Amino acid sequence: MGSLLRIVNGRVYDPANGIDGEVRDVCVRDGRIVADVPPEARRIDVHGMVVMPGGIDVHCHIAGTKVNLARKVQPEDHRHDVHPRTRITRSGTGGSVPSTFATGYRYAALGYTTAMEAAVTPLGARSTLEELNDTPVLDKGFFVLVGNNVLLFRLLQEGRFEEFRHALAWWLSVTRAYAPKLVNPGADEAWKGHRNANITDLDAKIDPFNLTPRQVIAAFIDAANTLGLPHPVHIHCNNLGHSGNYETTLETMRIAEGRRAHITHIQFHSYGSVAGKSRDNPTSKASEIAEFVNTHPNITADVGAVMFGRSTSMTADAPLAYMLRQFGGHKWINADTEMESGCGIVPFTYQDRVYTNALQWAIGLELFLRSEDPWRMVFSTDHPNGGTFMTYPALIRLLMDREYRKQQMAHVNQLALDHSGLRDCMDREYSLYEIAIITRAGPARLLGLADKGHLGVGADADITIYEENADKEAMFSAPRYLIKDGELVIEDHEFRAEHEGRILHVAPGYDSAIEQVIEPFFEDYYSIRFANYPVHESYLHHHQLVPTVPGTPGAAAT
Amino acid sequence: MSLEFTQHTLPTVPVEAESLSMASLAGLSAVAAAKLTIVHGNRAAEVGDFFHVAGAPDGEVHISGDLSRVKQVGAGMGAGRLVVHGRAGMHLGTRMTGGEIVVEGDAGDWVGSDMLGGRIIVRGNAGHLVGSAVRGERMGMQGGEILVFGSAGNEVGGGMRRGLVAIGGDTGDFTGVNMFAGTVAVLGRMGARPGAGMKRGTILAMHPAEMLPTFSYACTYRPVFVRLYLAHLRALGFPIADAHMAGPYRRWCGDAIELNRGEVLVLDTNSGTPP
């Protein structure tokens, strides 16, 4: 660090500061953006190039026990995609679930500097942190799975909301997580207790608790907003992937009642159903979902677009994995994590000729094209569920290039396009400014990362510089320069420095009396002792504690 | 004159030599071929570090020496002829789509894994997993012929989808495990559990075999296609006796866990009378 840089002649896209393609200098000192640097600072002339903040992935699966299971279950996916060692970088394997080092390098080679691992069981936090520490270049954090937690459910059904909030804060703090994550809340209990069972109604009873998913979601939204978390609550709604699930999604968003909530991979939750014989075939309800998000500034979402080709479905939603494996009938994994969560892994290939896959692809694009506020409908493919992060440049091109989109639409299942609204929103093309919002400024704002996603004075010097190109896929595939914390990590498309990112985490305050409530439960039901459960600070290495602002009512993200 | 590779140095650790294939040697001079990259352990090396190269390209390549530590010879080749005068290493002819590979000695494991077409002839013995699916992959070879005149190890034709594997000697356990289709012919004896998990396809055996309980005896008959296959193998030099041609064969259906659509045909040596 400590480098002095002046980046000159580039067209700067910095939406958080309202800068739209203006040619101006960007100065870097000690890992931060500064107003000016002395004349001896190194000058980088980026004439004809585009300067943006480093990319931020708000939702991906890059570390943790389920990611490792996904790596193990598909050796065939790695062997033709070897990531060789260079003088600077370490070796690894690719495929839809790359190894840790390859994940960091490949994200960086697309211009990304921050990524959020979206589903980690509390018990898996320790190994997740070790993997994240082995994921170079990126700053990263993780969302901890709390939406099927037996003890939290017990506190809720007994109406002990205060203790529930303290317990949630305790879980976030001791696992070193960044945000709470709900996945198909309530369903894992049904799945554990009954053969092939799921929960399909927000008002159904979560057997054996005297609770409903609606009560669970409301309690989490309430507690997270009261704790003042930078990213209050990350919700994977019930009924993912099922025809007609858009009503559940709308109802879930209504539960927030003006408080902040983030709905993730919303594409998978925007399906209608056709009456009659093709009842099981989904249709697009992207317009209804987009309309709701457009008009409710407290709601943020990431799209979770589907891109054709090889993917890996990995989820804490165990019943969903069971449904998916029935399509292919090939290898899969299903697992429970003690009192905390379920898990399912299914290697999957999205095919453009298949009705459902083509419809999912179309709905993803439709959500982007119908979104009126790019700050709140941000970019994701739910890597590697909807497609790997290596498909991001192609997805950006689909959004920015109407003609390319038309060409691609000609190849896909036409009946699916008939049942989507994609043909009605073909006029729109994303601008570079809007791309900078959905991939950088927007995710930073909804994650509550004040120093990221922009190039204003004081921001982290995470900067990506792309060479302008009419082919946006080529442009976003390989930045000419990547600067991370002021260090030139990629220069002239080549890695020039090894860089270790930081772990981003929160530590909301809690009443330590809550440990007296949690400990007996641990000693009764867990396979490890209570004292061994909290993750020690030594697992954090480079880290950054992101402050919470307790007591603030759910401020609307704008 | 063909390109001639003569080994002068034995590799100390396994070598990945995908470049020793017609696909990458096509049109190269001897000097250029000696410059091709191979990976020695975890370090890049050149073909010339291990082989003298002479001759000129004409669609045929001869490699002499002990290549038992040299992997992936003939990988991905689509045409031409490659002859190994000596032993061959693992993954011989992996992903090949056409042409012919001849090994005068023994070959290692994974002969013809991921093979799509062409022909591999091994005059000696082959290792395990001849034409078999690579770990994690559902399907093994999807076309072409693998002809081993000696014996082979376990999992011959595992997960194969199409094509012919013929073994002149014995095979190890799990011959034709998880086969989707295609034909495995074994002139010697098979090890335990032939055809376990097979979906379709034919395993042709010339000696009695212990069948799994999930295989059921169907009939004894003289299938015409067996004579055609055996005549083809006889023409290629396999020692096919008239008694093999005449049959009859006991037909076992299985594997029942995959709905009994595959078959194991075992030569019925006790039956003197035509059915």
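Conventions and cut-offs
Residues numbered from 1 in each chain as written. Chains lettered and ligands numbered in written order. Predicted model: local features only at pLDDT ≥ 70, side-chain atom pairs only at ≥ 80, totals over all residues. Heavy atoms only, no water. Helix = DSSP H or I, 4+ residues; strand = E, 2+ residues; numbered from the N terminus. Buried < 20%, exposed > 50% of the residue type's maximum accessible area, 1.4 Å probe, protein only. Contact = heavy atoms within 4.5 Å. Areas by Shrake-Rupley, 256 points an atom, 1.4 Å probe, with all protein chains shown as cover. Lys, Arg positive; Asp, Glu negative; His and termini not counted. Charge placed at Lys NZ, Arg CZ, Asp CG, Glu CD. Rg over C-alpha atoms; globule rule 2.2 N^0.38 Å. Polar contact = N/O pair within 3.5 Å; in protein donor to acceptor, adjacent residues only side chain to side chain. Axes fitted to C-alpha atoms, helices over the stretch in contact; angles between N-to-C directions. Parallel < 35°, antiparallel > 145°, perpendicular 65-115°, else oblique. Left-handed = near helix turned anticlockwise from the far one by under 90°. Nonpolar A, V, L, I, M, F, W, Y, C, P; charged D, E, K, R; others polar. Core = buried A, V, L, I, M, F, W, Y, C linked by side-chain atoms within 4.5 Å. Buried area = accessible area lost by both parts, 1.4 Å probe. Salt bridge = Lys/Arg side-chain N within 4 Å of Asp/Glu carboxyl O. pLDDT = per-residue confidence, 0-100. Pairing = 2+ DSSP bridges. Patch = residues over 30% accessible without salt bridge, like charges linked within 9 Å, V, L, I, M, F, W, Y side chains within 5 Å. Phe/Tyr/Trp six-rings, centres within 6.5 Å; stacked < 30°, edge-to-face > 60°.

**Points about the overall build of chain B**
And then number 1: Within chain B, the secondary structure is distributed over four helices and 17 strands.
And then number 2: In terms of overall dimensions, chain B has a C-alpha envelope of 65 × 35 × 25 Å along the principal axes.
And then number 3: A total of 275 residues make up chain B; the buried ones form 52% of that total.
And then number 4: Once local pairs closer than 6 in sequence are excluded, the contacts in chain B between residues at least 24 apart make up 42%.
And then number 5: Element-wise, carbon and sulfur atoms account for 53% of the exposed surface of chain B, whose accessible area totals about 10,900 Å².
And then number 6: Positive and negative side-chain charges of chain B, numbering 23 and 24 respectively, have mean locations separated by a distance of 6 Å.

**Considerations on the overall build of chain A**
And then number 1: Of the regular secondary structure elements, chain A holds 17 helices and 28 strands.
And then number 2: The C-alpha radius of gyration computed for chain A amounts to 22 Å, which stays within 12% of the reference 24 Å derived for 558 residues, consistent with globular compactness.
And then number 3: Taken along its principal axes, the extent of the C-alpha atoms in chain A is 70 × 55 × 45 Å.
And then number 4: Residues classed as buried in chain A amount to 62% of the 558 residues present.
And then number 5: For chain A, the accessible surface area stands at approximately 19,600 Å², while carbon and sulfur atoms represent 48% of it.
And then number 6: Charge separation in chain A, taken as the distance between the mean sites of 53 positive and 69 negative side-chain charges, equals 3 Å.

**Focus on the side chain of A:T264**
Residues and elements named next belong to chain A.
And then number 1: Here T264 lies in the loop between β15 (261-263) and β16 (271-273).
And then number 2: There is a polar contact of 2.7 Å between the side chain of T264 and the side chain of D302.
And then number 3: Residues contacting T264, with those up to four places away along its chain left out, are H59, K181, H234, I235, H236, H269 and D302.

**Let's talk about the packing of helix α7 (residues 213-227) of chain A against helix α8 (residues 246-255) of chain A**
Residues and elements named next belong to chain A.
And then number 1: Between α7 and α8, the least distance of the axes is 9 Å, while the angle of their chain directions is 40°. In this view, α7 runs oblique relative to α8, as classed from their interaxial angle. The hand of the α7/α8 crossing is right-handed. Contacts between α7 and α8 involve R214, I217, A218 and I221 from the former and E251, T252 and I255 from the latter.
And then number 2: Each residue belonging to the contact of α7 with α8 can be placed in one class, and the counts come to four nonpolar, one polar and two charged.

**Here we look at the nonpolar core**
And then number 1: The biggest cluster of nonpolar side chains holds 143 residues, and the ones touching the most others in it are A:Y178, A:W361 and A:L422.
And then number 2: Counting residues in hydrophobic clusters, the runner-up holds 60 residues, among them B:L3, B:V61, B:V111 and B:V148.

**Brief notes about the environment of B:R161**
And then number 1: Looking at where B:R161 falls in the secondary structure, it is placed in the loop between β11 (142-148) and β12 (162-167).
And then number 2: Excluding its chain neighbours within four sequence positions, the residues that come into contact with B:R161 are B:M139, B:M141, B:Q142, B:F180, B:A181 and B:G182.

**So, the interface of chain B and chain A**
Interface extent is often summarised as the accessible area lost during association of the parts.
And then number 1: The interface is formed by eight residues belonging to chain B together with seven residues belonging to chain A.
And then number 2: Buried surface at the junction of chain B and chain A, both sides included, amounts to about 600 Å², of which 44% is carbon and sulfur.
And then number 3: Counting the surface chain B buries against chain A, the share from its top three residues, B:G136, B:E137 and B:R138, is 52%.
And then number 4: Summed over the shared surface of chain B and chain A, the result is two salt bridges.
And then number 5: At the surface where chain B touches chain A, the tally comes to four residue pairs in polar contact (both at pLDDT 80 or more).
And then number 6: Its residues assigned to classes, the side of chain B that touches chain A shows one nonpolar, two polar and five charged.

**Quick look at the environment of A:T128**
And then number 1: Its location among the elements puts A:T128 in helix α3 (residues 125-133).
And then number 2: With 47 residues separating them along the chain, A:T128 and A:T175 place their C-alpha atoms 10.0 Å apart.

**Section: the confidence of the model for chain A**
And then number 1: In this model, chain A carries an average pLDDT of 92, and 97% of its residues clear a pLDDT of 70 or more.
And then number 2: Within the model, pLDDT remains below 50 along residues 553-558 of chain A, and this stretch shows 13 contacts once partners closer than five positions in the same chain are excluded.

**Details of α3(A)**
And then number 1: Of all the positions in α3(A), only A:A125, A:T128, A:L129, A:E131, A:L132 and A:N133 are classed as buried.
And then number 2: Those residues of α3(A) that are buried are in contact with α1 (65-73), α2 (100-108), β11 (112-120), β12 (139-145), α5 (161-175) and β27 (503-505) of chain A.

**Quick word on the environment of A:H269**
Residues and elements named next belong to chain A.
And then number 1: Counting through the fold element by element, H269 comes out in the loop between β15 and β16.
And then number 2: On a C-alpha basis, the gap between H269 and R165 in space is 28 Å, while along the polypeptide they are 104 residues apart.
And then number 3: Once residues within four sequence positions are removed from consideration, H269 is found in contact with H236, C237, N238, L240, N245, Y246, T249, T264 and I289.

**Describing the pairing of strand β5 (residues 51-54) of chain B**
Residue and element names in this part refer to chain B.
And then number 1: Covered by surrounding structure in β5 are F51 and V53 only, the residues H52 and A54 on the alternate face being uncovered.
And then number 2: Pairing between strand β1 (residues 3-7) and β5: four bridges, direction antiparallel. Across the sheet, residue T6 finds its bridge partner in β5, namely H52.

**What about the pattern of salt bridges?**
And then number 1: Under the counting rule described, the total for this entry stands at 56 salt bridges over all chains.
And then number 2: For the salt bridge of A:R259 with A:D222, the shortest nitrogen-to-oxygen distance reads 3.1 Å. Of the two residues, A:R259 is situated in the loop between α8 and β15 and A:D222 in helix α7; the sequence distance between them amounts to 37 residues.
And then number 3: A:R259 sits in the buried class, given a relative accessible area of 18%.
And then number 4: Taking relative accessible area as the criterion, A:D222 reaches 38% and is therefore assigned partly exposed.
And then number 5: Note that B:E60 and B:R81 form a salt bridge whose closest N and O atoms lie 3.4 Å from each other. Residue B:E60 is located in strand β6 (residues 60-66), and its partner B:R81 is located in strand β8 (residues 81-87); the two are separated by 21 residues in the primary sequence.
And then number 6: When its relative accessible area of 27% is taken as the criterion, B:E60 is described as partly exposed.
And then number 7: When salt bridges that share partners are traced, they join A:R32, A:D139, A:D451, A:K452, A:D460, A:D462, A:K484, A:D485 and A:R502 into one network.

**Examining a negative patch on the surface**
Residues and elements named next belong to chain A.
And then number 1: A contiguous patch of negative charge on the surface is contributed by E130, D134, E498 and E500.
And then number 2: Here E498 lies in the loop between β26 (494-495) and β27.
And then number 3: E498 gets classed as partly exposed once you look at its relative accessible area, which sits at 37%.

**Examining the sheet that holds β26(A)**
Residues and elements named next belong to chain A.
And then number 1: As summarised here, the arrangement of the seven strands in space is β3-β2-β7-β23-β24-β25-β26, forming an open sheet in which the pairing is mixed. Looking along the sheet, the strands with just one partner apiece sit at the ends: β3 (19-23) and β26.
And then number 2: Note that strand β2 (residues 11-14) and β3 share four bridges and pair antiparallel. Its bridge partner lying in β3, Y13 is registered against D20.
And then number 3: Helix α15 (residues 432-447) rests against β2, β3, β7 (49-53) and β23 (463-467) of the sheet, and its axis sits at about 30° to β7.

**What about the packing of aromatic side chains?**
Residues and elements named next belong to chain A.
And then number 1: The final tally for this structure, using the stated rule, is 30 aromatic pairs over all chains.
And then number 2: Summarising the aromatic geometry, the rings of W171 and Y533 are spaced 6.5 Å apart at their centres and angled 85° between planes, so their arrangement reads as edge-to-face. Of this pair, W171 sits in helix α5 while Y533 is found in the loop between α17 (514-525) and β28 (543-545), placing the two residues 362 residues apart along the sequence.
And then number 3: For W171, a relative accessible area of 0% gives the class buried.
And then number 4: Relative to Y533, the ring of Y526 lies with its centre 5.7 Å away and its plane at 70°, an arrangement referred to as edge-to-face.
And then number 5: Following the ring pairs from residue to residue traces out a cluster consisting of W170, W171, F521, F522, Y525, Y526, F530 and Y533.

**Structural notes on a nonpolar patch on the surface**
Residue and element names in this part refer to chain B.
And then number 1: Together, V224, L228 and Y229 line one region of the surface with nonpolar side chains, adding up to about 300 Å² of accessible area.
And then number 2: With respect to the helices, strands and loops of the structure, V224 is situated in helix α3 (residues 224-235).
And then number 3: According to the relative accessible area criterion, V224 is exposed, its value standing at 55%.

**Describing helix α9 (residues 286-295) of chain A**
And then number 1: Within α9(A), burial applies to A:A286, A:I289, A:A290, A:F292, A:V293 and A:N294.
And then number 2: Turning to α9(A), the residues buried within the fold contact α8, β17 (282-284), β18 (299-302), α11 (355-370) and β22 (377-378) of chain A.

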